[in-house]
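Descriptive structure summary
Chain by chain, the residues run as shown.
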Amino acid sequence: MTVALFVPCYIDQLYPDVAIATLELLERLGVDVAYPDGQTCCGQPMANTGCEADTAPVARRLVDLFADFEAVVCPSGSCVSMVRNHYGAYFDADDARFQHVTSKTYELCEYLHDVVAVTHLDVKFPHRVSLHQSCHGLRELRLGQSSESMTPRENKVRKLLNLVEGIEWVEPDRPDDCCGFGGTFAVNEADVSAEMGRARIADHCGKGSEVLASADMSCLMHLQGLIRREKNPIQVMHVAQILSGRPLGAT
Amino acid sequence: MLPIIQHPAAAKEFVNDPNRSRWHDQALWFVRSKRDKQAASLPEWEYLRETASGIKTHTIANLSHYLQEFERNATARGAIVHWARDAEHHNEIVLRILQDHKTHRIVKSKSMLTEECGLNHYLEDNGIDVVDTDLGERIVQLRGETPSHIVLPAIHIKKEEVGDTFHTHLGTDEGASDPKYLAEAARGHLRDKFLAGEIGITGVNFAIAETGGLVVCTNEGNADLGTSLPRVHIACMGIEKLLPRQRDLGVFTRLLARSATGQPITSYTSHFNGPRDENSELHIVLVDNGRSRLRESETFRAAMHCIRCGACMNTCPVYRRSGGHSYRATVPGPIGSVLSPTRDQNSYKSLPYACSLCGSCSDVCPVKIPLHHQLLAWRGELVGKKLLPVSKRLAMRFASYLFRFPALFRMVGKVGRFTLRVLPRWATHHRLNTWTIARELPEAPKETFRDWHRRHRDH
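For every chain, the first residue of the written sequence is number 1, and numbering continues from 1 onward in sequence order. Labels are handed out in written order, letters beginning with A for the chains and numbers beginning with 1 for the ligands. It should be noted that, the model being predicted, local features are given only for residues of pLDDT at least 70 and side-chain atom pairs only at 80 or more, the latter also being counted only at that level, while totals for whole chains, interfaces and linings use all residues. Side-chain descriptors were evaluated using all non-hydrogen atoms of the structure, hydrogens and water having been removed beforehand.

With that settled, the discussion passes to the domain arrangement of chain A. Residues and elements named next belong to chain A. When its domains are assigned, chain A resolves into domain 1 (3–115) and domain 2 (128–244). Residue ranges for the domains trace back to a domain assignment, done automatically or taken from a database. On a C-alpha basis, the centres of domain 1 and domain 2 stand 21 Å from each other. Every residue pair with non-hydrogen atoms within 4.5 Å of one another is taken to be in contact. With 29 residues of domain 1 in contact, the opposing surface of domain 2 contributes 22 residues. Together, the buried faces of domain 1 and domain 2 total about 2,100 Å²; carbon and sulfur atoms form 62% of this surface. A simple way to read buried area is as the amount of 1.4 Å-probe accessible surface that goes missing from two parts once joined, with both sides added.

See the structure below:
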């Protein structure tokens, strides 16, 4: 009963504490976690650019690396959506190893909510927090209900954060507008991307939030870049860091 | 041939004028919020979307059958049906009808199909006076522009600018910006045009195979005025506007107004079943213009479900910031970025990339077009046709190697993080590094997660 930890490339290289927090959190909840060596990236940058031939070998590597584990857990909704919703293009539909990995890869909050069914966390975070809901977590993994959709769903990320003592929720005007990261979009359409990010920050800051929390560090990387440039009084944190008891400003 | 301007360059001026971009964003978000309230007020909203999508899938699959049924029934009611294979053919048909009636003046209600076909210019070049009677469209027509939105054609223009335009063309007071005053002036001006119009041209929102009738939805009643006074009505429609039965219509009218403007119902939903009397004529022009080709595509066929409500534009965070004209296409926004490359891949190759893949368009679409998945699919098509710039193509090839060989990935990562730490700021944050024009780079940690894991967990 071992689950594999999948650490996205940019988290491994730039935000190791998000992965450490994820690992510690899972271990504390009694999950047997392995970190298979040799992992890199899910292939999303190439796939989103349309370079399918460059994506296929990367996707096949990932499946090979994780096929022998009971499940794969990853602290990024975007990477999980890539595996779950877009890997079909690179495998035969009846490939058993692909089938196993694609159906058993979970976003961290999804895994904690659906599989571990966490009901208690002995953690405090006495701060004003607002949630940045990443588009892929929301609309591709359905971790919650998007504001366009009239299909009621409970918000798994929020439900988990509600187990943390002391969080004072701050609600932005637009609960799930895109931050403008979008992978290579952030570079290809830099002007529009930055303006989208500034709008998100202004919305959260304007409501008095101290911490912008998200289950996707890639959105936060982009937002943090803007926050630092414009010296905004708000910090970003990955949900895994808050759930594992990190203090304010751990990222 | 005109130079191809890529979306990021075309968007630059609009998005980098924060006053305009933010005001545009808020105006459209206001419409989307109204849409949310209306959609939430119907417990059966998702059921309606599912039903509409099912009806469209069925209609498109059996399109030739329903088109023939429509032609038969419309003809039986006394309408004259014309078939146009493309934009040019459509314009010729319309001109011929005008010439047959020795007409020099037409009034037109808003029609994105005639925009798509470039009808205004064509008719004007042939000596016809064309007056767009939709207020927003009249504003852009007077300014010599094109609509920037399919439902709200002048959404990019501020009321002060409308005041200037009206002062120049309609003689209103200089500096006037009161919407009531300006609308009243436009009303008077258009009333004269309606009375002088010899033939009325309208678009079509829905055509019904079972009855041979057609339905036009407007909020200003201009289609009704434009067709009640003249004795000849020309209705121009894309062949995908068809619905099989009268009873299907309610599903779509409920979705259309709510999705488009957040109204429970459009102000005027006008039904035309044949010419109104023996002295009148109703011409219906059925236009293909690439639609049959789109229908053959398994990946993009669902784009033919589109009822042109514009909800995907109102919700699109890129459209809201960059404005409709940045798409350089008749239909902008998410649906336009799917449809435009089907006509001309080279000219519109940057549009499928003008999208952060947030997926809001797919969730808001009343007929369930998987818009963001189609935009992603378009990227694959464009790369296959070698329409992606070589620099981007090579960057992705390099990334692919990097991710296939973990030792290489680690080495490049190590060098990159080291450089980021030791280099002075000016060497990493400059205009050639697009990320850093508006943003700081992340701070590079000394240790990766893998290194940490080897020290703390591997035994």
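What follows continues from the structure just given.
This brings us to the UniProt feature "domain: Cysteine-rich" (unreviewed entry) in chain A. UniProt positions are given in the numbering used here, feature names are shortened, and annotations may be inferred rather than shown by experiment. The feature "domain: Cysteine-rich" (unreviewed entry), as given by UniProt, occupies residues 3–83 and 129–224 of chain A in the numbering adopted here. Secondary structure is summarised from DSSP: a helix means a run of H or I of at least four residues, a strand means a run of E of at least two, and numbering begins at the N terminus for each. A distance of 15 Å separates the end C-alpha atoms of residues 129–224 of chain A, which is 43% helix and 9% strand.

Between chain A and chain B, the residue contacts involve 68 residues of the former and 77 residues of the latter. Carbon and sulfur atoms make up 58% of the area that chain A and chain B hide from each other, which totals about 6,200 Å². Whenever a carboxyl oxygen of Asp or Glu lies within 4 Å of a side-chain nitrogen of Lys or Arg, that contact is scored as a salt bridge. Connecting chain A to chain B are 14 salt bridges. Contacts described as polar in this section are N or O atom pairs within 3.5 Å, which, within protein, must combine one atom able to donate a hydrogen with one able to accept it, while residues neighboring in sequence count only if both atoms come from side chains. Inspection of the chain A/chain B interface yields 39 residue pairs in polar contact (both at pLDDT 80 or more). The set of elements that each furnish at least two residues to the side of chain A that touches chain B consists of helix H1 (9–14), helix H2 (16–28), helix H3 (44–49), helix H4 (52–66), helix H8 (135–140), helix H10 (185–188), helix H11 (190–206) and helix H12 (217–230) of chain A. Among the elements that line the side of chain A that touches chain B, the one with the most residues is H11(A), at 9 residues.

All names here are of chain B. Structurally, Arg-49 can be placed in helix H3 (residues 45–61). At a separation of 3.1 Å, a polar atom in the side chain of Arg-49 contacts the main-chain carbonyl oxygen of Ser-362. Not counting residues up to four positions away in its chain, the partners in contact with Arg-49 are Leu-255, Ser-362, Asp-363, Val-364, Cys-365, Pro-366 and Lys-368.

Side-chain direction in a regular strand flips from residue to residue, so the side chains alternate between the two faces of the sheet. Residue and element names in this part refer to chain A. Here's how the labels work: a residue is buried when its accessible area is under 20% of the maximum for its type, exposed when over 50%, partly exposed in between, all with a 1.4 Å probe on protein chains only. Burial along strand E3 (residues 71–74) is two-sided: Ala-71 and Val-73 and Val-72 and Cys-74, pointing in opposite directions, are all buried. Of the pairings in the sheet, the one linking strand E1 (residues 2–5) to E3 comprises 3 bridges and is parallel in character. When the bridges of E3 are listed, Leu-5 appears paired with Val-73. Sheet topology places E3 next to strand E4 (residues 105–107); 3 bridges connect them, and they run parallel. Along E4, the bridge assignment pairs Cys-74 with Glu-107. For two strands to pair, DSSP has to find at least two bridges joining them.

Take the buried Ala, Val, Leu, Ile, Met, Phe, Trp, Tyr and Cys residues and link them wherever side-chain atoms come within 4.5 Å; each set so joined is a nonpolar core. Counting 97 residues, the largest nonpolar core has Phe70(B), Phe206(B), Leu214(B), Phe252(B), Ile335(B) and Phe403(B) as its most contacted members. In contact with Phe70(B), not counting residues within four places along its chain, are Ala207(B), Ile208(B), Ala209(B), Gly212(B), Gly213(B), Leu214(B), Met237(B), Leu242(B), Ile284(B) and Leu286(B). Within the second largest apolar cluster, 87 residues are counted, among which are Ala4(A), Leu161(A), Ile201(A) and Trp435(B).

Further remarks concern empty space enclosed by the protein. Rolled over the atoms, a probe as big as a water molecule pinpoints where empty space is left. Residues and elements named next belong to chain B. Cavity: a set of points on a 1 Å grid over the protein atoms alone where a 1.4 Å probe fits but cannot get out. Pocket: an open set with protein on both sides within 12 Å along at least five of seven lines, its lining residues, like those of a cavity, having an atom within 4 Å of a point. Grid points are joined across faces, edges and corners, and a volume is the space filled by probe spheres set on the points. One pass over the structure, following the stated rule, counts 6 cavities of 30 Å³ or more. Empty space within the largest cavity amounts to approximately 110 Å³. Along the wall of the largest cavity there are 18 residues; nearest its centre are Cys-316, Pro-334, Cys-355, Cys-361 and Leu-375. The set of elements that each furnish at least two residues to the lining of the largest cavity consists of helix H16 (333–343), helix H17 (360–364) and helix H18 (371–384). Among the elements that make up the lining of the largest cavity, the one with the highest residue count is H16 (3 residues).

All names here are of chain B. Residues Tyr-401, Phe-405, Leu-408, Met-411 and Val-415 make up a contiguous nonpolar surface patch of about 460 Å² in total accessible area. Looking at which element gives the most residues to the nonpolar patch, the answer is helix H20 (residues 406–422), with 3 residues. Its location among the elements puts Tyr-401 in helix H19 (residues 390–404). Note on Tyr-401: relative accessible area 39%, which makes it partly exposed. Each patch is built from salt-bridge-free residues with over 30% relative accessible area, joining like charges within 9 Å and nonpolar side chains (Val, Leu, Ile, Met, Phe, Trp, Tyr) within 5 Å. All accessible-area figures derive from a Shrake-Rupley calculation using a 1.4 Å probe, and residue coverage is judged against the displayed protein chains alone.

The next thing to look at is the pairing of strand E5 (residues 128–131) of chain A. All names here are of chain A. By the bridge criterion, 2 bridges tie E5 to strand E6 (residues 168–169) in an arrangement that is parallel. Within E6, the position partnered with Val-129 by the bridge is Trp-169. Pairing of E5 with strand E7 (residues 211–214) involves 3 bridges; the strand directions are parallel. Opposite Leu-131, over in E7, you have Ala-213 as the bridge partner.

Moving on, we get to the pattern of salt bridges. Applying the stated criterion to the full structure yields 51 salt bridges over all chains. Ionic pairing is found between Lys108(B) and Asp132(B), a salt bridge with its closest N-O pair at 2.8 Å. Of this pair, Lys108(B) sits in strand E2 (residues 105–108) while Asp132(B) is found in strand E3 (residues 129–132), placing the two residues 24 residues apart along the sequence. Note on accessibility: Lys108(B) and Asp132(B) belong to one class, buried. Connected through shared salt-bridge partners, Arg139(A), Glu148(A), Asp176(A), Arg32(B), Arg35(B) and Asp36(B) make up one network.

This part takes up the packing of aromatic side chains. Each Phe, Tyr or Trp ring, with Trp reduced to its six-membered ring, pairs with another whose centre is within 6.5 Å; inter-plane angles below 30 degrees give stacked pairs, above 60 give edge-to-face pairs, and intermediate values give tilted ones. Applying the stated criterion to the full structure yields 13 aromatic pairs over all chains. Ring geometry for Phe181(A) and Trp435(B): centres 6.3 Å apart, planes at 75°, overall edge-to-face. Of the two residues, Phe181(A) is situated in the loop between E6 and H10 and Trp435(B) in the loop between helix H21 (425–428) and helix H22 (449–456); the pairing between them involves two chains. No difference in accessibility class separates Phe181(A) from Trp435(B), as the two residues are buried. With centroids separated by 5.8 Å and ring planes inclined at 50°, the aromatic side chains of Phe206(B) and Phe252(B) adopt a geometry described as tilted.

Residues and elements named next belong to chain B. Unusually for a residue other than glycine, Asn-289 sits at a positive phi of about 45°. The residue Arg-328 is not glycine, and still its phi comes out positive at about 50°. Tracing the backbone through its elements, the reader meets Arg-328 in the loop between helix H15 (317–322) and H16. We classify Arg-328 as partly exposed; its relative accessible area is 48%.

The next subject is the domain arrangement of chain B. What the domain assignment reports for chain B is domain 1 (7–292) and domain 2 (397–456). In this structure, domain 1 of chain B and domain 2 of chain B have C-alpha centres spaced 52 Å apart.

The subject of this paragraph is the sheet that holds strand E5 (residues 206–208) of chain B. Residue and element names in this part refer to chain B. With respect to topology, 4 strands assemble into an open sheet ordered E8-E5-E6-E9, the strand pairing being mixed. Each having just a single partner strand, strand E8 (242–243) and strand E9 (268–272) make up the two edges of the open sheet. Here 5 bridges tie strand E6 (residues 213–218) to E9, and the two strands are oriented antiparallel to one another. From the neighbouring strand, Thr-218 faces E9, where its bridge partner is Tyr-268. The sheet strands contacting helix H12 (residues 249–261) are E5, E6, E8 and E9, and the helix crosses E5 at an angle near 175°. For every element, the axis is a line fit to its C-alpha atoms; helices are fit only across the contacting stretch, and the angle between N-to-C directions ranges from 0 to 180 degrees.

Another point: the sheet that holds strand E4 (residues 199–202) of chain B. All names here are of chain B. Judged by pairing direction, the sheet is parallel, and its 6 strands sit side by side in the order E1-E10-E7-E4-E2-E3 without closing on themselves. Only two strands of the sheet have a single partner each, and these edge strands are strand E1 (80–84) and E3. Averaged over all adjacent pairs, the angle separating strand axes in this sheet is 20°, with direction ignored. Note: E1 against strand E10 (residues 281–287), 5 bridges, orientation parallel. In the sheet register, Val-81 faces E10, and the bridge partner there is Ile-284. Contacts between helix H5 (residues 87–100) and the sheet are confined to E1, E2, E4, strand E7 (232–238) and E10, with E1 contributing the most and set at about 145° to the helix.

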